[in-house]
Amino acid sequence: MPRRSPADASVAVRCDDLSIARGGLRVVDGATFRLGTGRALAVMGATGSGKSSLVALLAGADDASLGVVGGDAWVDGTPIRAKGRAGRVRAYYTGYVPQRAGSDLPARLTVGEVIGEPITSRDRRVNPRALAVRVAGLLDELELPLGAAARYPYELSSGMRQRVAIARALVLQPRVFIGDDPYANLDLEVRQTARDALRRRRDETGMAILVVTNDADAVHELDADVLVLRAGRPVAFGHGTADLLWTPDGGARLVS
């Protein structure tokens, strides 16, 4: 069995001096933080600061260009370097909404099939009726019409597709939700609905939330800690956007 990190029950994501390269170029340099169970963390920073690379690696995204070049990290107690069964278990307990998730939904699957695919890809013997009930519950929670289950993604608006992507990430009832700008293309009212869905799971099941966002309102509503990246380096950490501790030189590592 893979080595597990200390304090698994209270720490959902742990990074220790983590450095990441994409295509041989270092894009994250020395990220150190803890995300507790039932807590939220927002990763903020300018375009190109390494936010997306960080969360993609932690989520176990299928991207061969990403790799760990220093330090280590654990998600739900499993080291991110773990492969095979341990990596699959980590992926099972991690709900991930990548960038452009709504735009990149499988075009040949219906919305119901898209949302249920994380289950059907693992268990072909799943009860279709039980799965349909779970999908319908997610559609209703995210204020999508139940009839959308039979439609195809290209028949929906961009905001509806984004909510489908969020529903897909939540269908396995993850312990850790990782979203790269998960509120993209959502109007203000529906954005609140999506945040409520995340907060509900955090409060009821202890799901940890890690999101990339530069939206101060989202940070406030999630009651999130904040990690700020600049050119791949952590430059600030704190609780909320008004309580950030900035490094004197813009590069020292910060620990929560």
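Sequence positions are assigned chain by chain, starting from 1 and proceeding in written order. Reporting of local features is limited, given that this is a predicted model, to residues whose pLDDT is at least 70; pairs of side-chain atoms are given and counted only at 80 or more, and all residues count toward the totals for whole chains, interfaces and linings. Note that water and hydrogens are dropped before the side-chain values are worked out from all heavy atoms of the structure.

1. Looking at the overall build of the protein
Then comes step 1: When helices and strands are counted, the protein shows 7 helices and 11 strands.
Then comes step 2: The globule rule used here is 2.2 Å times the number of residues to the 0.38 power, and the radius of gyration it is set against is calculated over C-alpha atoms. Taking 2.2 N^0.38 as the reference for a compact globule, 256 residues should give roughly 18 Å; the C-alpha atoms of the protein span a radius of gyration of 18 Å, in line with that estimate.
Then comes step 3: Structurally, the protein occupies a C-alpha span of about 55 × 45 × 35 Å along its principal axes.
Then comes step 4: Any residue under 20% of the maximum accessible area for its type is buried, any over 50% is exposed, and the rest in between are partly exposed; the area is computed with a 1.4 Å probe on protein chains only. Across the 256 residues in the protein, those meeting the buried criterion constitute 52%.
Then comes step 5: Any pair of residues with heavy atoms lying within 4.5 Å of one another is described as a contacting pair. Looking at the protein alone, contacts between residues at least 24 apart form 63% of all its contacts between residues at least 6 apart.
Then comes step 6: Think of it this way: Lys and Arg go in the positive column, Asp and Glu in the negative one, and His and the chain ends go nowhere. For the purpose of locating charges, the reference atoms are NZ of Lys, CZ of Arg, CG of Asp and CD of Glu. The averaged location of the 30 negative side-chain charges in the protein is 6 Å from the averaged location of its 34 positive side-chain charges. Helix and strand assignments come from DSSP, with helices taken as H or I runs of at least 4 residues and strands as E runs of at least 2, each series counted from the N terminus.

2. Comments concerning the sheet that holds strand 2 (residues 25-36)
Hydrogen bonds between backbone groups are what pair the strands of a sheet, and the pairing can be parallel or antiparallel.
Then comes step 1: Across the sheet, which stays open at both edges, the 4 strands sit in the order 2-1-4-5 with antiparallel pairing between neighbours. Bordering the open sheet on either side are strand 2 and strand 5 (78-79), each of which pairs with just one other strand.
Then comes step 2: Note that strand 1 (residues 11-22) and strand 4 (residues 66-75) share 8 bridges and pair antiparallel. Within the sheet, the bridge partner assigned to Ile20 lies in strand 4 and is Val68.
Then comes step 3: Convention adopted: a line fitted to C-alpha atoms gives each axis, helices being fitted over their contacting stretch, and angles between N-to-C directions are expressed from 0 to 180 degrees. Contacting strand 1, strand 2 and strand 4, helix 1 (residues 51-59) runs over the sheet at an angle of about 120° to strand 1. Two strands are said to pair when DSSP picks up at least two bridges between them.

3. With respect to the packing of aromatic side chains
Then comes step 1: Working definition: a ring pair exists when centres of Phe, Tyr or Trp rings (six-membered ring for Trp) sit within 6.5 Å. Plane angles under 30 degrees give stacked, over 60 give edge-to-face, the rest tilted. Using the criterion set out here, one finds 2 aromatic pairs in the structure.
Then comes step 2: A ring pair is formed by Tyr92 and Tyr93, whose centres lie 5.1 Å apart and whose planes are at 85°; its orientation type is edge-to-face.
Then comes step 3: With relative accessibility at 23%, the residue Tyr93 sits in the partly exposed group.
Then comes step 4: When the centroid spacing of 5.9 Å and the interplanar angle of 15° are considered together, the rings of Tyr152 and Tyr154 count as stacked.
Then comes step 5: Its relative accessible area of 61% is what places Tyr154 among the exposed residues.
Then comes step 6: A cation sits over an aromatic face here: Arg14 above Trp74, 4.7 Å from the ring centre.
Then comes step 7: Criterion for a charge above a ring: Lys NZ or Arg CZ within 6 Å of the ring centre, and within 35 degrees of the ring normal. Just above the ring of Tyr93 sits the side chain of Arg175; from NZ or CZ to the centre is 3.7 Å.

4. Concerning the sheet that holds strand 9 (residues 225-230)
Then comes step 1: Read from one edge to the other, the open sheet built from 7 strands follows the order 6-7-8-3-9-10-11, with strand pairing classed as mixed. Edge positions in the sheet fall to strand 6 (94-97) and strand 11 (244-246), since each has one partner strand and no second. Across the sheet, the mean angle from the axis of one strand to that of its neighbour is 15°, orientation sign disregarded.
Then comes step 2: Looking at chain direction, strand 7 (residues 176-180) and strand 8 (residues 208-212) are connected through 5 bridges and run parallel. Bridging across to strand 8, Val176 finds its partner in Ala208.

Such coordinate-based values are descriptive only and should not be taken to indicate function.
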